[in-house]
Amino acid sequence: MKRKNASENFELIFNDFVDYLMPELVPYEASLYLFLLRNSLLRDGTIQIRIGKRSMAQGYGTGSRGKKTNYTHMTRVISGLEVKGCLRVGNTTREGTLYTILLPRDIPLVKEHITNIKISSEDEDDYFTDPKKRQILFERDNWTCQYCGELVSQDNATLDHFVPQSKGGAHSKDNLRTACLVCNGVKSGKSFEEAAPAILCSITQRQKRSQ
Ligand SMILES: [Zn+2]
């Protein structure tokens, strides 16, 4: 079980990395970030690693074809990651420098991305607050109360939350139905099952009155 949770966690980290972080990094930064993550979190579950630039350069692949470690290059890549908030550089000892690696969700650039995506998708789904989107739903329902079948107009049309907001119902187009003032008042705050008898009763009374 514990193992499953851990792998789900890695999946999330990996998805965040691919979706949000990688586009912000140059390829060298991306591969160094993955190298550090592989040798810290994925190896022993911590997000800290003490390592020298030489081992780092060898490990993440700039040392291919026997090229000598280029310290200027390493320093540039590390400071690139630091500036982008992906890691924190700690003290340096004989064994190397201490790096704290931030997981994608903790990196400001990624956080910003995720928040922006949330906000825009919430806006898109809000058919309750936006007057133009309300009109779309009234049109969809042919300006007819979805409970009693009465025609409604610009003056008295309302939108009812089929699953009430108090029970987690969203401002989404699927959860909103055109309703007359009376039906909306009767149903207010209740699920359809709870409100159905009262709605039926109200419809019958109105029919009697109009006869
Ligand atoms: Zn109605």
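Within each chain, residue numbers correspond to sequence positions counted from 1 in written order. Side-chain atom pairs in this predicted model are given and counted only at pLDDT of 80 or more, local residue features only at pLDDT of at least 70, and totals for whole chains, interfaces and linings cover all residues. Heavy atoms from the whole structure form the basis of all side-chain values; hydrogens and water molecules are not counted.

### So, the pairing of strand 1 (residues 48–51)
To be explicit about the condition: Each residue is assigned to one of three classes by its accessible area relative to the maximum for its type, calculated with a 1.4 Å probe on protein chains only: buried under 20%, partly exposed between the two thresholds, exposed over 50%. A run of DSSP states H or I qualifies as a helix once it reaches four residues; a run of E qualifies as a strand once it reaches two. Both are numbered from the N-terminal end. Here, any two strands with at least 2 DSSP bridges between them count as paired.
Side chains of strand 1 alternate between two faces, with Ile49 and Ile51 buried and Gln48 and Arg50 left unburied. Where strand 1 and strand 3 (residues 96–101) come together, four bridges link them in antiparallel fashion. The partner of Ile49 across the bridge, within strand 3, is Tyr99.

### A short note on the sheet that holds strand 2 (residues 87–93)
Our working rule: Lines fitted to C-alpha atoms define the axes here, with helix axes fitted over just the stretch in contact, and angles between the N-to-C directions of these axes take values from 0 to 180 degrees. We call two residues in contact when some of their heavy atoms are within 4.5 Å.
The strand order 1-3-2 describes an open sheet built from three strands, whose pairing is antiparallel. Looking at the sheet topology across the chains shown, the edges are occupied by strand 1 and strand 2. Strand-to-strand twist in this sheet, taken as the mean axis angle between neighbours without regard to direction, amounts to 20°. Against the sheet, helix 5 (residues 71–83) contacts strand 2 and strand 3, and its axis sits at roughly 130° relative to strand 2.

### Quick notes on the coordination of the zinc ion
Test applied: The donor definition counts N, O and S atoms within 2.8 Å of each metal and applies 3.2 Å to Na, K and Ca; water is not among these atoms, so some sites may look incomplete. Every geometry call rests on angle ranges, with four donors termed tetrahedral when all angles are between 85 and 135 degrees, four termed square planar and six termed octahedral when opposite donors are over 155 degrees apart and all others are between 65 and 115, and everything else termed irregular.
Listed as protein donors to the zinc ion are Cys145 (SG), Cys148 (SG), Cys180 (SG) and Cys183 (SG); their distances from the metal cover 2.3 to 2.4 Å. Of note is the zinc ion, whose four donor atoms meet at the metal with angles of 104 to 117° in an arrangement that counts as tetrahedral. Sequence spacing among the residues donating to the zinc ion works out to C-x2-C-x31-C-x2-C. Here Cys145 falls in the buried class, since its relative accessible area comes to 2%.

### Notes on the packing of aromatic side chains
The geometry of an aromatic ring pair is captured by the separation of the ring centres together with the interplanar angle, meaning the angle of the planes. What counts, and what does not: A pair of Phe, Tyr and Trp rings is counted when the ring centres sit within 6.5 Å of each other, with Trp represented by its six-membered ring. The angle between the planes then sorts it: under 30 degrees is stacked, over 60 is edge-to-face, the rest tilted. Geometrically, a charge over a ring is one whose NZ (Lys) or CZ (Arg) sits within 6 Å of the ring centre while staying within 35 degrees of the ring normal.
Scanning the entire structure with this criterion turns up four aromatic pairs. Aromatic pair Phe17 and Tyr33: ring centres 5.7 Å apart, planes at 0°, arrangement stacked. Remark: Tyr33 occurs in helix 2 (residues 27–38) and Phe17 occurs in helix 1 (residues 2–21); sequence separation between them is 16 residues. The lysine or arginine in question, Arg134, covers the ring of Phe128, its NZ or CZ lying 5.2 Å from the ring centre. The positively charged end of Arg177 is found above the aromatic ring belonging to Phe162, 3.7 Å away from the centroid.

### Quick notes on a nonpolar patch on the surface
In plain terms, the rule: Think of a patch as exposed residues, more than 30% relative accessible area, with no salt bridge, where like charges cluster within 9 Å and nonpolar side chains (Val, Leu, Ile, Met, Phe, Trp, Tyr) cluster within 5 Å. Only the protein chains shown count as cover for residues, and all accessible areas are computed by the Shrake-Rupley method using a 1.4 Å probe. In what follows, salt bridge is the name for a side-chain nitrogen of Lys or Arg lying within 4 Å of a carboxyl oxygen of Asp or Glu.
Taken together, the side chains of Phe14, Val18 and Met22 present a nonpolar region at the surface, about 270 Å² in accessible area. Looking at the secondary structure, you find Met22 in the loop between helix 1 and helix 2. Exposure remark for Met22: the relative accessible area of 38% places this residue in the partly exposed category.

### Points about unusual backbone geometry
Despite not being glycine, Asn142 has its phi angle at roughly 55°, a positive value. Tracing the backbone shows Asn142 in the loop between helix 7 (131–140) and strand 4 (158–161). Accessibility expressed as a relative area gives 57% for Asn142, which makes it exposed. Residue Trp143 is not a glycine yet carries a positive backbone phi of 55°. Summarising the element assignment, Trp143 is placed in the loop between helix 7 and strand 4. For Trp143, a relative accessible area of 17% corresponds to the buried category.

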